[in-house]
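If you want the building blocks of each chain, they are given just below.
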Amino acid sequence: MAAIGRYIPLPAGRMLGRFMGRLAWNVLRRYRIKALAHITIAFPEWPEWKREETIREMFEHFGVSFFELLWLRNLTPARLAETTIIDGAENVRAALASGKGAIGITGHCGNWEWCAATIATVAPMTVLQRERDEAKLNEFITDFRAAFGIETIDRGSGSSARAMFQALRRNRLLAFLLDQNIRAESVKVPFFGRPALTPIGPARIAIRAGAPIVPLFIERLGDGRQLVTFHAPIATSRNDDPEELTARLTAIIEAQIRHAPAQWVWMHERWRER
């Protein structure tokens with residue numbers, strides 16, 4: 001599919017992806033019901049029609065994102081300039097100026113693989129990932145990221161902790177997705193007004209290394225261009241409370257989701273107990 005997708009023009013492929021998303025909205029009833037239930041928790045004040053419209057747009061968004069993943073190897077510097085707006089690149093450069101590396105924090109907002117490819121043009125980046133059950137898919141994603149100069153650390157490997165601190169010592173941006181309930185040491189922090197289990201590891205690593213944290217996000221704009229935004233760095237010190245810092249970062253992610261609700265993964269069981 002990727003071999004074919006690379007040769008489809010981006011506008012035509014996005015149209016095809018949108019059609020796939022509409023089809024998924026109608027066919028994948030289980031995921032549609034889950035997403036509607038979760039967005040009702042987050043936005044109980046919205047009328048039902050608005051929640052349904054947002055989830056339908058979410059399915060279309062991920063259909064488009066799926067095609068973009070197949071196409072993304074075509075993202076040359078010239079095409080990046082045509083398709084992507086970068087706002088606040090000076091923030092990540094300032095964070096790396098101390099030489100201690102930096103922690104990048106984002107969520108499953110927009111097309112996060114396009115975001116990673118864009119970030120790699122601004123700063124050297126290492127990402128922590130969960131190994132997928134399908135080995136070939138895991139290899140495809142790892143190789144895809146490596147083509148853009150992105151280093152990958154598998155979360156379940158015995159050397160992952162050492163590799164993360166080594167990345168910081170080499171003054172790289174160590175990036176985490178912090179918006180999901182995963183099997184990792186977690187704390188409950190507010191997310192849309194409800195306690196949600198959230199990994200505390202990224203905050204602890206930042207505090208231990210004294211590395212600044214840069215929240216960053218991608219958003220698909222109405223004209224089809226991508227907007228990648230780097231927020232101002234958040235300084236850390238050994239006196240910081242990792243739980244409080246995790247709550248602060250989660251609030252920043254929540255604000256982005258509120259800004260572009262149709263571009264987040266509402267199927268995910270964010271408030272599930274473990």
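Structural data are supplied above this passage.
Reading the values: the criteria
Residues numbered from 1 in each chain as written. Predicted model: local features only at pLDDT ≥ 70, side-chain atom pairs only at ≥ 80, totals over all residues. Heavy atoms only, no water. Salt bridge = Lys/Arg side-chain N within 4 Å of Asp/Glu carboxyl O. Helix = DSSP H or I, 4+ residues; strand = E, 2+ residues; numbered from the N terminus. Buried < 20%, exposed > 50% of the residue type's maximum accessible area, 1.4 Å probe, protein only. Axes fitted to C-alpha atoms, helices over the stretch in contact; angles between N-to-C directions. Parallel < 35°, antiparallel > 145°, perpendicular 65-115°, else oblique. Left-handed = near helix turned anticlockwise from the far one by under 90°. Contact = heavy atoms within 4.5 Å. Nonpolar A, V, L, I, M, F, W, Y, C, P; charged D, E, K, R; others polar.

With that settled, consider the pattern of salt bridges. Inspection of every chain in the model, using the stated rule, returns twelve salt bridges. With a shortest N-O distance of 2.8 Å, E151 and R170 are connected by a salt bridge. Of this pair, E151 sits in strand β4 (residues 151–154) while R170 sits in the loop between α9 (160–169) and β5 (173–177), and the two are 19 residues apart along the sequence. Taking the relative accessible area as the measure of exposure, R170 reaches 46% and is therefore partly exposed. Measuring nitrogen to oxygen at the nearest pair gives 3.4 Å for the salt bridge that ties R172 to E151. Of this pair, R172 sits in the loop between α9 and β5 while E151 is found in strand β4, placing the two residues 21 residues apart along the sequence. Owing to a relative accessible area of 11%, R172 belongs among the buried residues under this scheme. By sharing partners, the salt bridges in this structure join R14, E68 and R220 into a single network.

Next up on the list: the packing of helix α2 (residues 10–27) against helix α4 (residues 48–71). One can describe the packing of α2 onto α4 by two numbers: an axis separation of 7 Å at closest approach and a directional angle of 135°. Comparing their axes, α4 and α2 come out oblique. In terms of crossing hand, the pair formed by α2 and α4 is right-handed. Contact residues: α2 offers L10, G13, R14, G17, R18, M20, G21, R22, A24 and W25, while α4 offers E52, I55, R56, F59, E60, G63, V64, F66, F67, E68 and W71. Taken together, the residues that form the contact of α2 with α4 break down as ten nonpolar, four polar and seven charged.

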